[in-house]
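Topology and contacts: notes
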Amino acid sequence: MEPSRKDAGIVDNQHVFAPNKLGDVAEPLMEVILLVQDFLQQSAERLPNKVALICNNKRLTYAEIETRANRLANSMIDHGVKRGDRVVIYMNNSVEVVVSIFAILKAGGVFVVVNPPQKSEKLAYILNNSSATALVADLCNFSQVSEVLENAGTLNFSILSDSNNSKVTIDSSSIYGQ
């Protein structure tokens, strides 16, 4: 089925259509629509050493983001994140937020970003009402996070990031008292 001019700009499962030079018949612009995480992977393959992210004094290349996101995504999958699961990110703006977003997408999850200045009651509300499976947070926000973990019934685990030391701790025992 060839799209008509009125269909220009319509995206279906395989094509993006735009008018040709004459403007009367739409033509496919690209065969495949990339997911965000696929764009990162292809960029890491094509331009591994190109700086992709600058935040404060930190710089990460496409390859570094890809490697970190893959490592975190694999950990999330190992801890039970499945396609469609919601993972809450409760972090200050940082490279770790970007890595976390890509990791969640790679694991098949849906990310929910919560601004750390929000009160712990708001975090608890979002965790419970989104049916979040996991929480990714900065260690610097641990006091707010620890207040809500015991009442966040759907969480399987939390991931605490120490952005100063580039360390990550995955904890399932604090949630279920194991």
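I will try to describe carefully the structure that is included in this document. (Residues numbered from 1 in each chain as written. Predicted model: local features only at pLDDT ≥ 70, side-chain atom pairs only at ≥ 80, totals over all residues. Heavy atoms only, no water.)

Digging into the pairing of strand 4 (residues 58-61)
Here four bridges tie strand 3 (residues 51-55) to strand 4, and the two strands are oriented antiparallel to one another. Among the inter-strand pairings, C55 is bridged to a residue of strand 4, identified as K58. Where strand 3 folds back onto strand 4 in an antiparallel hairpin, the turn is made up of two residues, including N56, whose phi is positive at roughly 55 degrees. (Pairing = 2+ DSSP bridges. Helix = DSSP H or I, 4+ residues; strand = E, 2+ residues; numbered from the N terminus.)

Side note on the pattern of salt bridges
By the definition in use, this model includes three salt bridges. With its nearest N and O atoms 3.0 Å apart, the salt bridge here joins K58 to E96. Of this pair, K58 sits in strand 4 while E96 is found in helix 3 (residues 95-106), placing the two residues 38 residues apart along the sequence. Look at K58 and you get partly exposed, because its relative accessible area is 30%. You can call E96 buried: its relative accessible area is 10%. Here D85 ties to K82 by a salt bridge, and the two come within 3.8 Å at their closest N and O atoms. (Salt bridge = Lys/Arg side-chain N within 4 Å of Asp/Glu carboxyl O. Buried < 20%, exposed > 50% of the residue type's maximum accessible area, 1.4 Å probe, protein only.)

Re the packing of helix 4 (residues 120-129) against helix 5 (residues 142-149)
At a minimum axis separation of 9 Å, helix 4 and helix 5 run at an interaxial angle of 50 degrees. For the element pair helix 4 / helix 5, the angle class is oblique. For the pair helix 4 and helix 5, the crossing hand works out as right-handed. Packed against helix 4, whose contacting residues are S120, L123, A124 and L127, the element helix 5 presents Q144, V145, E147 and V148 at the interface. The class makeup of the residues in the contact of helix 4 with helix 5 is five nonpolar, two polar and one charged. (Axes fitted to C-alpha atoms, helices over the stretch in contact; angles between N-to-C directions. Parallel < 35°, antiparallel > 145°, perpendicular 65-115°, else oblique. Left-handed = near helix turned anticlockwise from the far one by under 90°. Contact = heavy atoms within 4.5 Å. Nonpolar A, V, L, I, M, F, W, Y, C, P; charged D, E, K, R; others polar.)

A closer look at unusual backbone geometry
One non-glycine residue, N56, lies in the positive phi region at around 55 degrees. Residue position: N56 is located in the loop between strand 3 and strand 4. The exposure class of N56 is exposed, given its relative accessible area of 68%. Positive phi, normally seen in glycine, also occurs at S131, with a value near 55 degrees. By secondary structure assignment, the location of S131 is in the loop between helix 4 and strand 7 (134-138).

Quick word on the nonpolar core
By size, the foremost hydrophobic cluster in this structure holds 26 residues, and its most contacted members are I65, M76, V81 and V87. Contributions of two or more residues to this core are made by helix 1 (36-46), strand 3, helix 2 (62-78), strand 5 (86-90), helix 3, strand 7 and strand 8 (157-162). When near neighbours in sequence (up to four residues on either side) are disregarded, M76 contacts V81, V87, A103, I104, A107, V136, F157 and I159. Ranked by size, the runner-up nonpolar core spans 15 residues in total, among them Y90, L123, A137 and V145. (Core = buried A, V, L, I, M, F, W, Y, C linked by side-chain atoms within 4.5 Å.)

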